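Take a look at the letters that make up each chain.
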Amino acid sequence: MLKRPQEEESDNNGTKKLKARLTYPCILGKDKVTGKFIFPAITKDDVMNARLFLKNNDLKTFLEYFLPVEVNSIYIYFMIKLLGFDVKDKELFMALNSNITSNKERSTSIEVSAVQAKVEHEGELTDPLEKKHAVKLIKDLQKAINKVLSTRLRLPNFNTIDHFTATLRNAKKILVLTGAGVSTSLGIPDFRSSEGFYSKIRHLGLEDPQDVFNLDIFLQDPSVFYNIAHMVLPPENMYSPLHSFIKMLQDKGKLLRNYTQNIDNLESYAGIDPDKLVQCHGSFATASCVTCHWQIPGEKIFDNIRNLELPLCPYCYQKRKQYFPMSNANNTIQTNANFNSPILKSYGVLKPDMTFFGEALPSRFHKTIRKDILECDLLICIGTSLKVAPVSEIVNMVPSHVPQILINRDMVTHAEFDLNLLGFCDDVASLVAKKCHWDIPHKKWQDLKKIDYNCTEIDIGTYKIKKQPRKKQQ
Ligand code: APR
């Protein structure tokens, strides 16, 4: 049974006094003057304990343990807060706040213990909120409970860089999940950052910039993709220090697999073995005809892409000419041409073998992930916003005892990493390699290893990592 640890607190003349933490069931006292319900302060520990209890017990046990016999909407709201959530509905939020006061604001300074609060209750425990608000609160509590049950809990004793480097040294089966952030230092934009690819194509006036990678739209009108394809065409034979950090893990026999969402194929240039790599969203490495599925090496259509031409399948070309006799001989992409043929404009068009929205991921992803999540002993997510399923679901599929690390410029708030190393991934990789006394097999390593980094803890398990400014030459 979870009991709150007693917390010591020194009062104003410095003597230590034991301050009982929350005990359960938590009975909310009422402020004698305002009649408002008194909400005790809820700490991160309280939230962690409540979430742990919910995950380790069934729902009935959870509710019976935390709720008193008589409850009302205020208690439902208390449970939502205890699980670390809040209500979003403004009207409901206002209604709650007009009936709640916090310990700090209460008109008397006496610490209300659970027993005392019971005495304070006058008669029946009425519900200060209307039924419509009570219904919304019950729905919100259900959502909060489902969210806790579907997300992992952070490991209680894994939250420093030293924990990470110690685990790295012993790890043998590291699952590395990467996104566009690992290539931005090479000048390749990511997708969702303010300077990302989706903001660059805002001028196209698409309802959703992701439509350029939408399969249905491609089949209707391949020009939507081929008008921008040159912007995502990967550079050849270059890779970042982060790519080489992954190669280093492979050379040390520590890499189980690198699941990359990137289509730039740079992992291969960095020397990551094909059997250690899963390109979850395919890549430009090959291209296929959407009609007859004939496949060719991707670079064969790069010139078409650069010249804004529709790459056409030679085997379907004649048929396509019958369907679209009017289209230009050189197949220049006709934006919004008035094709009134029932045949799709993508007939006989070659498409890079990258996974579009609405398209199944390569079968290799589904085959390997099931085994890898059970085998991995460390999960490191690098340079990704984890916004796109099913790859983003990996963090919820890995067993709860496996440490999870985020190396990213921005926080990913919808996942529960044990350690968040926020900064440029090349910097974080250099810092970690230096702490492990390892060398990253990249041409920049001789310079990178001379750089020192500032590591600022901004919350338990979250660090901001930045290069130290260069010392001025004397
Ligand atoms: N170092 C660390 N993190 C970085 C860096 C960097 N140098 N540059 C960018 N980032 C971070 C950003 O903060 C962001 O959180 O990388 C993340 C990139 O997120 P997205 O742009 O959403 O890219 P990604 O997560 O790879 O997108 C997934 O979405 O559009 C689809 O199929 C596309 O594979 C892509 C998928």
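Residues numbered from 1 in each chain as written. Predicted model: local features only at pLDDT ≥ 70, side-chain atom pairs only at ≥ 80, totals over all residues. Heavy atoms only, no water.

- Naming follows an unreviewed UniProt entry, where the protein chain appears as Histone deacetylase HST1 of Saccharomyces paradoxus.
- Taken directly from UniProt, the Sequence similarities (unreviewed entry) text for the protein chain runs: "Belongs to the sirtuin family. Class I subfamily."
- The Cofactor (unreviewed entry) field of the UniProt record for the protein chain holds the comment "Zn(2+)". (UniProt positions renumbered as here; feature names shortened; annotations may be inferred.)

**Description of the state of the cysteines**
Thought 1: Evaluation of the coordinates by the stated rule reveals 0 disulfides.
Thought 2: Not part of a disulfide, C316 finds its nearest cysteine sulfur in C313, a span of 3.7 Å.
Thought 3: You can call C316 buried: its relative accessible area is 5%. (Disulfide = S-S within 2.5 Å. Buried < 20%, exposed > 50% of the residue type's maximum accessible area, 1.4 Å probe, protein only.)

**Points about the sheet that holds strand β14 (residues 453–459)**
Thought 1: Taken together, the 8 strands give an open sheet; going across it, the order is β7-β6-β5-β11-β12-β13-β15-β14, and neighbouring strands pair in mixed fashion. Strands at the two margins of the open sheet, each flanked by one partner only, are β7 (277–279) and β14. Strand-to-strand twist across the sheet, computed as the mean angle between neighbouring axes with direction ignored, equals 15°.
Thought 2: Where β14 meets strand β15 (residues 462–467), 6 bridges bridge the pair, whose relative direction is antiparallel. (Pairing = 2+ DSSP bridges. Helix = DSSP H or I, 4+ residues; strand = E, 2+ residues; numbered from the N terminus. Axes fitted to C-alpha atoms, helices over the stretch in contact; angles between N-to-C directions.)

**Concerning the side chain of E267**
Thought 1: With respect to the helices, strands and loops of the structure, E267 is situated in helix α13 (residues 266–270).
Thought 2: No salt bridge is formed by the buried E267, whose closest oppositely charged neighbour, R364, lies at an N-O distance of 11 Å. (Lys, Arg positive; Asp, Glu negative; His and termini not counted. Salt bridge = Lys/Arg side-chain N within 4 Å of Asp/Glu carboxyl O.)

**Things to note about the packing of aromatic side chains**
Thought 1: Within the structure shown, the criterion is met by 24 aromatic pairs.
Thought 2: Relative to F66, the ring of Y65 has its centre 4.8 Å away and its plane inclined at 85°; by these criteria the two rings are edge-to-face.
Thought 3: Ring-pair connections join several aromatic residues into one group, and the members of that group are F191, F197, Y198, F213, F218, F225, Y226 and F356. (Phe/Tyr/Trp six-rings, centres within 6.5 Å; stacked < 30°, edge-to-face > 60°.)

**Re the nonpolar core**
Thought 1: F164, L168, L249, I380, I405, I407 and L421 are the most contacted members of the largest nonpolar core, which has 39 residues in total.
Thought 2: With 6 residues, the single largest contributor to this core is helix α18 (residues 425–435).
Thought 3: Discounting residues that sit within four places of it in the chain, F164 has contacts with F158, L378, I380, I405, I407, L419, L421 and V432.
Thought 4: Residues F53, M79, V87 and A144 belong to the second largest nonpolar core, which totals 33 residues. (Core = buried A, V, L, I, M, F, W, Y, C linked by side-chain atoms within 4.5 Å. Contact = heavy atoms within 4.5 Å.)

**Re the environment of C381**
Thought 1: The topology assignment puts C381 in strand β11 (residues 378–382).
Thought 2: For the pair C381 and Y259, spaced 122 residues apart in sequence, the C-alpha to C-alpha distance is 9.4 Å.
Thought 3: In contact with C381, other than residues within four places in its own chain, are L177, L386, V395, I405, L406, I407 and F417.

**Here we look at the environment of D127**
Thought 1: Tracing the backbone shows D127 in the loop between α5 (114–120) and α6 (131–150).
Thought 2: Put simply, D127 and I74 are 53 residues apart on the chain and 7.7 Å apart in space, counted from C-alpha to C-alpha.
Thought 3: Excluding its chain neighbours within four sequence positions, the residues that come into contact with D127 are N72 and S73.
Thought 4: Side-chain polar atoms of D127 contact the side chain of S73, separated by 2.6 Å.
Thought 5: A polar contact is formed between the side chain of D127 and the backbone nitrogen of L129, at a distance of 3.0 Å. (Polar contact = N/O pair within 3.5 Å; in protein donor to acceptor, adjacent residues only side chain to side chain.)

**A closer look at unusual backbone geometry**
Thought 1: The omega torsion of the bond from A389 to P390 falls at 0°, within 30 degrees of zero and hence cis.
Thought 2: Tracing the sequence through the fold places P390 in the loop between β11 and α17 (394–397).
Thought 3: In this structure, N237 takes a positive phi of about 55° despite not being glycine.
Thought 4: Summarising the element assignment, N237 is placed in the loop between α11 (229–232) and α12 (241–251).

**Notes on helix α1 (residues 44–56)**
Thought 1: If you check α1, its first and last C-alpha atoms are 18 Å apart, about what 13 residues at 1.5 Å a residue would give, namely 18 Å.
Thought 2: For α1, the complete set of buried residues consists of D46, V47, N49, A50, R51, F53 and L54.
Thought 3: The secondary structure elements touched by the buried residues of α1 are α2 (59–66), α3 (73–82) and α6. (Expected span 1.5 Å × (residues − 1).)

**What to know about the sheet that holds strand β8 (residues 282–289)**
Thought 1: A sheet is described by the order of its strands in space; here 3 strands give the open sequence β9-β8-β10, paired in antiparallel fashion. At either end of the open sheet lies a strand with only one pairing partner, and these are β9 (295–297) and β10 (350–354). In this sheet, adjacent strand axes meet at a mean angle of 40° when their direction is disregarded.
Thought 2: Alignment of β8 against β10, held across 4 bridges, turns out to be antiparallel. Considered in β10, the bridge of G282 is made with M354.

**Brief notes about the pairing of β15**
Thought 1: As defined by bridge partners, strand β13 (residues 419–422) adjoins β15 across 3 bridges and the pair is classed as parallel. Bridging from a neighbouring strand, N420 pairs with T462 of β15.

**Topic: the UniProt feature "active site" (unreviewed entry) in the protein chain**
Thought 1: Within this structure's numbering, the places UniProt gives as "active site" (unreviewed entry) are H281.
Thought 2: For H281, the position within the fold is in the loop between β7 and β8.
Thought 3: Exposure remark for H281: the relative accessible area of 13% places this residue in the buried category.
Thought 4: The contact partners of H281, leaving out residues within four places of it in the chain, are T260, Q261, I263, M354, T355, L361, V388 and V391.
Thought 5: Among the polar contacts listed, one links the side chain of H281 to the backbone oxygen of Q261, at a separation of 3.4 Å.

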